[in-house]
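Chain and residue survey
In case you want the letters, here they are:
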Amino acid sequence: MNQYARMIIVLMIISIASGAVLALSYEITNPTIQEQARQKLEQSVLTVIPGATKMEEIQKEDMIVYIGLDDEGNKKGISFEATGSGFNGPIEIMVGYNPIEGNLLAIEILSMSETPGLGAKIKEEAFTSQFKGKSSEEEFAVKEDVQAISGATISSTAVANAIKTSLDKIVKIYPVGGDL
Amino acid sequence: MDEYRLITTSSPHLHSGESISRIMFSVAIALLLPTFAGIYFFGFRALSLVIITSLAAVLTEAIFQKLRNKPITIADGSALVTGMLLALNLPPGLPYWMAVVGAVVAISLGKQIYGGLGANPFNPALIGRVFLMITFTTPMTTWINPIDGMTGATPLSLMKMEGISTDYTKLLLGNSGGSLGETSALLIIIGGLYLIYKGYVDWTIPASYLGSVALFVAILGQDPVFHLLSGGLMLGAFFMATDMVTTPLSKFGKVIFGIGAGVFTVLIRVYGGYPEGVSFSILLMNAFTPLINRFTVPKIYGEVKAR
Amino acid sequence: MQIIKDFVNGLWNENPIFRMVIGICSALAVTTAANNGIAMGLALTFVLTCSSILVSLLRNVIPSKVRIPCYIIVVATFTTVVDLFMKAYFPALYEVLGIFIPLIVVNCIVLARAEAFASKVGVARATADALGMGLGYTWAITLISMIRELLGAGTLFGYQVMGDGFTPWISAILPPGAFIVMGILVGLINMINRKTVKDTDCH
């Protein structure tokens, strides 16, 4: 009996100590982790909306939309996240959009796990820059109005389709030519 | 003590007069037909690619065996056949050094590392090709069109990406884009029939392989003749799926092997990410070969079911 | 002297990756760039050292019947601490290694050293052994990742070393490349060992 009591007590003490250490580390690191995540999000929003220096997050229907503002508080454009399924897993994209003219401002790949040297080239400027200035009325069809990366048609198509799907939703919320 | 020159071995004691080198050189002769086709369509570049790849394969075998202090067996011709087969599976415009890398990988990682001829579970030439395919994807999928010498798509990728079919006679004679030795279906069939006539190739594998491809393609509603004649299927069915070392021993096992390879080929061609699936499907079935052998042991005459 | 012996043991003779071939799951998965190799190695060294010290200290307290759950709790705690701190202060590194850090918990090196070594010896020897094993793991996976990065991307620690004409060997940074590179290295190290061991009467 004594033996069992000892087993339980030792295991319990170790668990409690472990819990305490974990709680302490969480307390120390959590604010920094939150700050990191927020900074990263803001960074990507500001990259896809040229001229913006601040961002504002709003919920419109089922989409989270980030509005980019400049120093005087003028709205420079909106951005939203698009997700597609690539060759090896999900691809997350931040898309900047100007609803007044109905054009894309820029895109940035937030995360992806495509094949290095092939599909991973979707991250490169050479691929992402082609979406700049693209009208929301275009088809986003790979090999027609979207240039695919050679040997990585699946990854390229995933990006184009993801943007198009989310863009169609956004256009319903913010009709082209309307106000921000 | 007296020296006895008697050698004791177990039966059988009959010898058919065949040897590895005779078989291998017959295969090499049969392979010359598609090689000539490649040289005719793609010119000097094809000839030099075949020579360089074969030399690299033979040299690798010699160096590897020397390093491991084993007898050097390059004279049996098996490294030569591997090198030729690999070359026939490469795009004619591939840089020479990449072909050499492929040959080194084929012989070292595909064959010698397992203990040499007879001990390799996978077809060495296909190991080399698949290694090159995943390592240098872009050069390995840059095809030269024999008519104008421009780069262009193979009949299979034209079919897959844009739904365009290619003329049967072009496919049969070899006047289409593709690997060096896979373009002329006709010459490959003649070479294959020669090997079947000599008895080095069992007709069951090519027959069941090609038959199942035709059948499954037809079930999926695509053109069976086009699929039979295009890509590396003929070369694979007659020269690579029939490798004695890496395929099942019994007739029934060979039929299973052929059908399995056929199903995988069609699945990859129709639904997969790559336009061509012959090399992958043969390698997959190579992996199944020990299992197939285990379940298709022929019944010994007079055998009674064990209780 | 024993302490130095224990430390050197993990570096070569019983190198976890090349000689004992344990903990290779992470070694194969993260070794696509040299930076990842070093970071993963140091993270594992930290967890291994902390848990070995604690296991060695508690070796007379922990009843043998519940020793495995105890070890796992200790290891998991340190791993989570590393995970949180890396996430907070090295976010770029965390993005790459993120999914592999929690896997340190089930890395066989950590549990194997706790069970086979740290639970039987004093703190000094356990620390020396853990540091040796950890650094042995670190240099092994750094070497693998250097080769893979050089061939697969033409860079080393992120710096371009190959000329413009270099064609990357994509398969080197794909999973098969990990197996091929590691297999060749294990073979080479066996070759070296066989040559050096011949003179001594070891085994």
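Residues numbered from 1 in each chain as written. Chains lettered and ligands numbered in written order. Predicted model: local features only at pLDDT ≥ 70, side-chain atom pairs only at ≥ 80, totals over all residues.

1. Here's the deal with the overall build of chain B
Secondary structure summary: chain B contains 14 helices and 2 strands in total. In summary, chain B has a C-alpha radius of gyration of 20 Å against a globular reference of 19 Å for 307 residues, a match within 12%. Taken over 307 residues, chain B has a buried fraction of 47%. Within chain B, counting contacts between residues at least 6 apart in sequence, those at least 24 apart form 74% of the total. (Helix = DSSP H or I, 4+ residues; strand = E, 2+ residues; numbered from the N terminus. Rg over C-alpha atoms; globule rule 2.2 N^0.38 Å. Buried ≥ 20, exposed ≤ 12 C-beta atoms within 10 Å, placed from the backbone. Contact = placed C-beta atoms within 7 Å.)

2. Some remarks on the overall build of chain C
Assigned secondary structure in chain C consists of 9 helices and 2 strands. When its helices and strands are written in sequence order, chain C yields α-α-α-α-α-α-α-β-β-α-α. A compact globule built from 203 residues would reach a C-alpha radius of gyration of about 17 Å, and chain C, at 18 Å, matches this within 12%. Along the three orthogonal principal directions, the C-alpha set of chain C runs to about 60 × 50 × 25 Å. In chain C, which comprises 203 residues, the share counted as buried stands at 44%. When contacts within chain C are restricted to residue pairs at least 6 apart in sequence, long-range pairs at least 24 apart make up 75% of them.

3. A word on the pairing of strand S3 (residues 75-85) of chain A
For a regular strand, side chains alternate in direction, first toward one face of the sheet and then toward the other. Residues and elements named next belong to chain A. Pairing between strand S2 (residues 63-69) and S3: 5 bridges, direction antiparallel. Looking at the pairing, Leu-69 lines up with Lys-75 of S3. Hairpin connection of S2 to S3: 5 residues between the antiparallel strands, including Gly-73 at a positive phi of 90 degrees. Pairing of S3 with strand S4 (residues 90-98), which is carried by 8 bridges, proceeds in the antiparallel orientation. Bridging across to S4, Glu-81 finds its partner in Met-94. (Pairing = 2+ DSSP bridges.)

4. Some remarks on the nonpolar core
In this structure, Ile93(A), Val95(A), Ile163(A) and Val47(C) are the most contacted members of the largest nonpolar core, which totals 85 residues. Residues Ala56(B), Leu94(B), Trp143(B) and Phe257(B) belong to the second largest nonpolar core, which totals 76 residues. (Core = buried A, V, L, I, M, F, W, Y, C linked by C-beta atoms within 7 Å.)

5. Looking at the sheet that holds S4(A)
All names here are of chain A. In spatial order, the strands read S1-S2-S3-S4-S5; together these 5 strands make up an open sheet with antiparallel pairing. Whereas interior strands pair on both sides, the edge strands pair on one side only; in this sheet they are strand S1 (54-60) and strand S5 (103-111). Geometrically, the sheet is characterised by an average inter-axis angle of 25 degrees between neighbouring strands, direction not taken into account. Together, S1, S2, S3, S4 and S5 form the strand contacts of helix H1 (residues 2-48), whose direction differs from that of S5 by roughly 150 degrees. The strands that helix H3 (residues 153-173) touches are S1, S2, S3, S4 and S5; relative to S3, the one it contacts most, it runs at about 135 degrees. (Axes fitted to C-alpha atoms, helices over the stretch in contact; angles between N-to-C directions.)

6. Quick look at the interface of chain A and chain C
Counting residues at the interface gives 20 residues for chain A and 24 residues for chain C. A breakdown of the residues in the side of chain A that touches chain C according to their chemical character gives 10 nonpolar, 9 polar and 1 charged. (Nonpolar A, V, L, I, M, F, W, Y, C, P; charged D, E, K, R; others polar.)

7. With respect to the confidence of the model for chain C
Confidence along chain C averages 88 in pLDDT terms, with 97% of residues attaining 70 or more. Quick note on the complex model: pTM equals 0.81, ipTM equals 0.80. (pLDDT = per-residue confidence, 0-100.)

8. Comments concerning the packing of helix H4 (residues 96-108) of chain B against helix H5 (residues 124-135) of chain B
Residue and element names in this part refer to chain B. At a closest axis distance of 8 Å, the pairing of H4 and H5 adopts a crossing angle of 135 degrees. As summarised for this structure, H4 and H5 are arranged oblique, according to the angle between their axes. Handedness of the H4/H5 crossing: right-handed. For the pair H4 and H5, the contacting residues are Met-98, Gly-102, Ala-103, Val-105, Ala-106 and Ile-107 in the first and Pro-124, Ala-125, Ile-127, Gly-128, Arg-129, Phe-131 and Leu-132 in the second. (Parallel < 35°, antiparallel > 145°, perpendicular 65-115°, else oblique. Left-handed = near helix turned anticlockwise from the far one by under 90°.)

9. What to know about the pairing of S1(A)
Residues and elements named next belong to chain A. Relative to S2, S1 runs antiparallel, the two sharing 7 bridges. Counterpart to Ile-58 in the pairing with S2 is Val-65. The antiparallel pairing of S1 with S2 creates a hairpin that spans 2 residues between the two strands, and Glu-61 there sits at a positive phi of about 50 degrees.

10. Details of the packing of helix H10 (residues 204-219) of chain B against helix H12 (residues 233-240) of chain B
All names here are of chain B. Here H10 crosses H12 at 155 degrees, and the two axes come no closer than 9 Å. With respect to H12, the element H10 is oriented roughly antiparallel. The interaxial crossing formed by H10 with H12 has right-handed handedness. Residues Pro-206, Tyr-209, Leu-210 and Val-213 of H10 form the contact with H12, whose own contacting residues are Leu-233, Ala-237 and Phe-238. Among the residues forming the contact of H10 with H12, the class breakdown is 7 nonpolar, no polar and no charged.

11. Observations regarding unusual backbone geometry
Peptide bonds are mostly trans, and most non-glycine residues show a negative phi. Here Phe140(A), not a glycine, exhibits a phi torsion of approximately 60 degrees, which is positive. As for its placement among the helices and strands, Phe140(A) is situated in the loop between helix H2 (125-128) and H3. In this model, Asn69(B) sits at a positive phi of 55 degrees, which is unusual for a non-glycine residue. If you trace the backbone, Asn69(B) turns up in the loop between helix H2 (44-67) and helix H3 (78-88).

12. What about the environment of Leu31(B)?
Examined against the element boundaries, Leu31(B) turns out to sit in helix H1 (residues 20-42). Beyond its immediate sequence surroundings of up to four residues, Leu31(B) is in contact with Val81(B), Met84(B), Leu85(B), Leu88(B), Gly191(B) and Phe239(B).

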